[in-house]
Amino acid sequence: MAAVSEAVDGDVEGRIREVMAGVFELSPAEIGPQTSKDTVERWDSLQQLTLVISLEEEFGIQLSDEETASLLNYPLIVAVISDRIGTGVQ
Amino acid sequence: MAEPTGATHLDDLAAYLAARYPIFGDVVDRGFAAFGTPWANEFEATLATMFAKPEALSLAASGYASFALDLMRRQVRFERERTYPAKTYEEAAREVYHDEAYMTSEYLPGLLLSHYLWPHHYRQARFFDSAFVAEMRVAQASHFIEVGCGTGFYSRRLLQQLPDIRGVGYEISPASKAFTEGQVAAFGFADRYEVLLQDIADRDMASTQWLVCVEVLEHLEDPVAFLRLLRASLAPGGKAFITAALNAPHVDHIYLYVQSAEVEAQLEAAGFTLEQTFVGVAHPPRAPGLPVPLVAAYIVA
């Protein structure tokens, strides 16, 4: 079961990295725990909404206003998306 | 979740937004950096008068966040599609102006706070003060009409700056009427102002020397027909302060203005003569060629 969970979780993170890379014009390999609004020059407030809309489309979810206004770093994005789609990444 | 602390309302607003909506965490600091102490004092007075209790301020802050985030979502799509979603005036009225819960909890508090937190909105208010209100003061104006009161921000501003003036507002939204009356009363001007729940397209409005109409045109299917009604109500020698929002895909904006020249052409087509102009941008373009929200304000005769 652990191996399956890791595969699923890894896929979620991979999809998140792909989405973020597309929005911020980076390579997926550049996206990681250190990635945040403070480290990405293009990450302004409208780009944040572009990111949120892209994540919603990718995962078929609707994020709340508070989530939309708070997902300003990669670890938080992974945690919230995983929670919303039920993979439970800690 | 951080709740207001009992310090100034402006500090509480900033703290609440930073804790609950981090994307807006620096919006108060940026306002202060741009406009300084006069802005802070004016904003503080508005918050303290309109949202004195912590729970009222929290609700207003959440309303602002929802209002702004909704617009930002629409802005992202607008940058891609370059059109507003097709919507009739009747649909917008039903969806927005007559939805009392939405108007009261989100739209009106959000709009009121945006007059201070969005630089182009605040610059437009300062243009109103320095160009239009100043002219009214010199002329010893005694009466004005505002068509489309919104939150009542501009009527209240006039009543505040001209102690002897009296005014009438025409408004189609019951929630907007109530909010405007509440703001005017909270500032102590209720005896000099009344709001009529009336669409000026249905029944003639009174004639006036001084007319105010802020960000109504983009809500209409036929702005020129509306402008002709305004022009007909302007007494000989009268002046009007008329504005429009451009490239601003709010939920209830149905007429897309891309350039201020389009507004100017409509004002002239309706018979107005342009005297003074202000155009303000919300922010620099995010990339070359991308549309930027604008406000365009005119003093016309």
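Model, not experiment: these values are computed from the prediction.

## Observations concerning the interface of chain B and chain A
Logical step 1: With 13 residues of chain B at the contact, the number on the chain A side is 12 residues.
Logical step 2: Counting residues per element, the side of chain B that touches chain A draws most heavily on helix α3 (residues 54-81) of chain B, at 7 residues.
Logical step 3: Looking at the side of chain B that touches chain A, its residues break down into 8 nonpolar, 2 polar and 3 charged.

## Concerning the sheet that holds strand β7 (residues 294-300) of chain B
Residues and elements named next belong to chain B.
Logical step 1: Judged by pairing direction, the sheet is mixed, and its 7 strands sit side by side in the order β3-β2-β1-β4-β5-β7-β6 without closing on themselves. Only two strands of the sheet have a single partner each, and these edge strands are β3 (193-197) and β6 (274-281). On average, adjacent strands in this sheet sit at an angle of 15 degrees to one another, irrespective of strand direction.
Logical step 2: Where strand β1 (residues 143-147) lies against strand β2 (residues 166-171), 5 bridges are found, and the strand directions are parallel. Note on β2: the bridge partner recorded for Ile145 is Val168.
Logical step 3: Helix-sheet contacts for helix α7 (residues 153-161) involve β1, β2, β3 and β4 (208-213), and the interaxial angle to β2 is about 175 degrees.
Logical step 4: The strands touched by helix α8 (residues 174-186) within the sheet are β2 and β3, with β3 carrying the most contacts at an inclination of about 175 degrees.

## What about the environment of B:Asp29?
All names here are of chain B.
Logical step 1: Residue placement: Asp29 occurs in helix α2 (residues 27-50).
Logical step 2: Its 11 C-beta neighbours within 10 Å are what place Asp29 among the exposed residues.
Logical step 3: For Asp29 and Ala190, which are 161 residues apart along the polypeptide, the C-alpha to C-alpha distance reads 33 Å.

## A look at the packing of helix α9 (residues 223-233) of chain B against helix α10 (residues 260-269) of chain B
Residue and element names in this part refer to chain B.
Logical step 1: Between α9 and α10, the shortest axis-to-axis distance is 8 Å and the interhelical angle comes to 50 degrees. Judged on the interaxial angle alone, α10 and α9 are oblique. Judged by the twist between their axes, the crossing of α9 over α10 is right-handed. When α9 is examined against α10, the residues Pro223, Val224 and Leu227 are found in contact with a partner set consisting of Gln266, Leu267 and Ala269.

## Some points on the packing of helix α5 (residues 100-117) of chain B against helix α6 (residues 119-138) of chain B
All names here are of chain B.
Logical step 1: Running from amino to carboxyl end, α5 crosses α6 at an angle of 80 degrees, the nearest separation of the two axes being 5 Å. Of the possible angle classes, the one that applies to α5 and α6 is roughly perpendicular. Taking contact as the criterion, the partners of Ser114, His115 and Tyr116 in α5 are, on α6, His121, Tyr122 and Ala125.
Logical step 2: When the residues that make up the contact of α5 with α6 are grouped by side-chain class, the tally is 3 nonpolar, 3 polar and no charged.

What counts, and at which threshold
Residues numbered from 1 in each chain as written. Chains lettered and ligands numbered in written order. Predicted model: local features only at pLDDT ≥ 70, side-chain atom pairs only at ≥ 80, totals over all residues. Contact = placed C-beta atoms within 7 Å. Helix = DSSP H or I, 4+ residues; strand = E, 2+ residues; numbered from the N terminus. Nonpolar A, V, L, I, M, F, W, Y, C, P; charged D, E, K, R; others polar. Pairing = 2+ DSSP bridges. Axes fitted to C-alpha atoms, helices over the stretch in contact; angles between N-to-C directions. Buried ≥ 20, exposed ≤ 12 C-beta atoms within 10 Å, placed from the backbone. Parallel < 35°, antiparallel > 145°, perpendicular 65-115°, else oblique. Left-handed = near helix turned anticlockwise from the far one by under 90°.

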